[in-house]
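Breakdown of the fold
Take a look at the letters that make up each chain.
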Amino acid sequence: MSGVLYGVGLGPGDPELMTLKADRLIRSASVVAYPAPDTGESFARRIAADAIPADAVEVPIVIPMRVQRFPAQAVYDAAAAEISAHLAAGRDVVALCEGDPFFYGSFMYLHERLAGAFPVVIVPGVTSMTAVAGVAARPLCARNEVLSVIPAPLPEAEIAARLGAEGAAVIMKVGRHLGKVRRVIDAAGLMARAVYVSHASLPEERHVPLADAPEDAPYFSMILIPGEDPYVVS
């Protein structure tokens, strides 16, 4: 029998926000795979570090963290081949993913390559989006409000168009795009509602009104524009 591939969501960063199921699977794992930068530590491994068994085989999936394009397909092809060898030998593999595996999660690329050949179990995780709402103590949306999730790397005009609809919005992957996003939000007249959050749930967490945000934003930063449900007293 082949092994099972587990796509395990770790949550936004605080190890205490891992689910009980995620913690149990990691502690019993014989093979643990996780995304890792080509320099520095893996954020996914850092979250799960205390739960990874000392004798587990570790499979870092090295992904260059730079602006320039890199051969992403080749990286995931190689990782899938290494993981499939463990699965074919009957060993379960726990693949770690920051946040949730299927919400902008890197695990989806392994799933695409391996799900047809091996059994796969998805373990959802707390998303960075909901963690940010908790940090800001602002409800995302209520009743029939629509929530838009907008990646910051989109062109300025497209972000502006999506912000033009009523409802709530979360702008993800802010990082080096903060200046552009701030301009769009200001032009849309939404600056007063916008909240900037970086490193949600981590010791270095910071949240301020977007107007007071720093000029440079780390990769793990997000902007929340809550809805305006008339039943919520502001």
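Higher on the page you've got the structure.
One structure accompanies this document, and this report is about it. All figures in this text were calculated on a predicted structure; none of them were measured in a lab.

Quick look at the sheet that holds strand β5 (residues 120-123)
As a general point, the strands of a sheet are linked pairwise by backbone hydrogen bonds and lie either parallel or antiparallel. What the five strands build is an open sheet, ordered β3-β2-β4-β1-β5; its pairing is parallel. Edge strands, defined here as strands with exactly one partner in the open sheet, are β3 (57-62) and β5. Neighbour-to-neighbour, the strand axes of this sheet turn through a mean angle of 20°, independent of strand direction. Bridge count between strand β2 (residues 31-36) and β3: six bridges; the pairing is parallel. Its bridge partner being in β3, Ala36 is matched across the sheet by Val62. Along the sheet face, helix α3 (residues 72-88) touches β1 (5-9), β2, β3 and β4 (93-97) and points at about 165° away from the line of β3.

Digging into the nonpolar core
Core analysis: the largest hydrophobic core is formed by 23 residues, its most contacted members being Val8, Leu10, Ile26, Val94 and Leu96. Secondary structure elements with two or more residues in this core: β1, α1 (20-27), β2, α2 (43-48) and β4. At four residues, α2 tops the list of elements feeding residues into this core. What Ile26 contacts, discounting residues up to four positions off in sequence, is Val8, Leu10, Met18, Ala48, Ala51, Ile52, Pro53, Val94 and Leu96. Among the nonpolar cores identified, the runner-up in size contains 21 residues, and Ile159, Leu163, Ala169 and Ile225 belong to it.

So, the packing of aromatic side chains
One pair of aromatic rings is described through two measures. These are the centre distance and the angle between the planes. For the structure on display, the rule yields five aromatic pairs. The interplanar angle of 85° and the centroid separation of 5.2 Å between the aromatic rings of Tyr219 and Phe220 together place this pair among those described as edge-to-face. In this structure Tyr219 comes out as exposed when scored by relative accessible area, which is 55%. Residue Phe220 is classed as partly exposed on the basis of its relative accessible area, which comes to 37%. In textbook terms, an aromatic cluster arises when at least three aromatic residues are bridged by ring pairs, as seen for Phe43, Tyr219 and Phe220.

What about empty space enclosed by the protein?
For the coordinates displayed, the defined rule picks out one cavity of 30 Å³ or more. Taken as a whole, the largest cavity encloses approximately 60 Å³ of empty space. Lining of the largest cavity is provided by Ala33, Pro35, Ile61, Ile63, Tyr76, Ala95, Leu96, Cys97, Ser106, Phe107 and Leu110. For the lining of the largest cavity, the elements supplying multiple residues, two or more each, are β2, β4 and α4 (107-114). Looking at the lining of the largest cavity, the element that brings in the most residues is β4, giving three residues. Among the residues forming the lining of the largest cavity, the class breakdown is 10 nonpolar, one polar and no charged.

Side note on the packing of helix α6 (residues 156-163) against helix α7 (residues 178-187)
Relative to each other, α6 and α7 sit at 40°, their axes nearing to 10 Å. By the criterion of interaxial angle, the relationship of α6 to α7 is oblique. Here α6 and α7 pass one another in a crossing that is right-handed. Across the interface between the two elements, Glu156, Ile159, Ala160 and Leu163 from α6 touch Lys180, Val181, Arg183, Val184 and Ile185 from α7. Classifying every residue of the contact of α6 with α7 by side-chain character gives six nonpolar, no polar and three charged.

Some remarks on unusual backbone geometry
Of note, Lys173 is a non-glycine position whose phi angle comes to about 55°, a positive value. A positive phi angle, close to 50°, is found at His199, a residue other than glycine. Summarising the element assignment, His199 is placed in the loop between β8 (195-198) and β9 (206-209).

A few points about helix α5 (residues 128-136)
Residues of α5 that are buried: Met129, Ala131, Val132, Ala133, Val135 and Ala136. Looking at the packing, one finds that the buried side of α5 touches β6 (147-151), β7 (168-172), β8, β9 and β10 (221-225). Following α5 by one or two positions, Ala137 adopts a phi angle in the positive range, close to 55°.

Rules of the game
Residue numbering note: each chain is counted from 1, following its sequence as written. Residues qualify for local features only when their pLDDT is at least 70, as the model is predicted, and side-chain atom pairs are given and counted only at 80 or more; totals for whole chains, interfaces and linings, by contrast, use all residues. Based on all heavy atoms of the structure, the side-chain values leave hydrogens and waters out of the count. Here, strands pair whenever DSSP counts at least two bridges between them. Strands here are runs of E lasting at least two residues and helices are runs of H or I lasting at least four, both read from the DSSP assignment and numbered beginning at the N terminus. Angular values range over 0 to 180 degrees, each being the angle between N-to-C directions of two axes fitted as lines to C-alpha atoms, with helices fitted over their stretch in contact. Any two residues whose heavy atoms approach within 4.5 Å at even a single point are treated as in contact. We call a set of buried Ala, Val, Leu, Ile, Met, Phe, Trp, Tyr and Cys residues a nonpolar core when their side-chain atoms join them within 4.5 Å. Using a 1.4 Å probe on the protein chains alone, a residue whose accessible area is under 20% of its type maximum counts as buried, one over 50% counts as exposed, and one in between counts as partly exposed. Stacked, tilted and edge-to-face are the three classes applied to pairs of Phe, Tyr and Trp rings, where Trp contributes its six-membered ring and a pair requires centres within 6.5 Å; stacked means planes under 30 degrees apart, edge-to-face means over 60, and tilted covers the rest. Here a cavity denotes a set of grid points, spaced 1 Å apart and computed over the protein atoms alone, in which a 1.4 Å probe fits but from which it cannot get out, and a pocket denotes an open set meeting protein on both sides within 12 Å along at least five of seven lines; residues with an atom within 4 Å of a point are reported as lining. Grid points are joined across faces, edges and corners, and a volume is the space filled by probe spheres set on the points. Each residue gets one label: Ala, Val, Leu, Ile, Met, Phe, Trp, Tyr, Cys and Pro are nonpolar, Asp, Glu, Lys and Arg are charged, and the others, such as Gly, are polar. What sets the label is the angle itself: under 35 degrees gives roughly parallel, over 145 gives roughly antiparallel, 65 to 115 gives roughly perpendicular, and the rest give oblique. Crossing handedness is read from the near helix: turned anticlockwise from the far helix by less than a right angle, it gives a left-handed crossing, and turned clockwise, a right-handed one.

Scope: geometric values only; no functional claims are made or implied.
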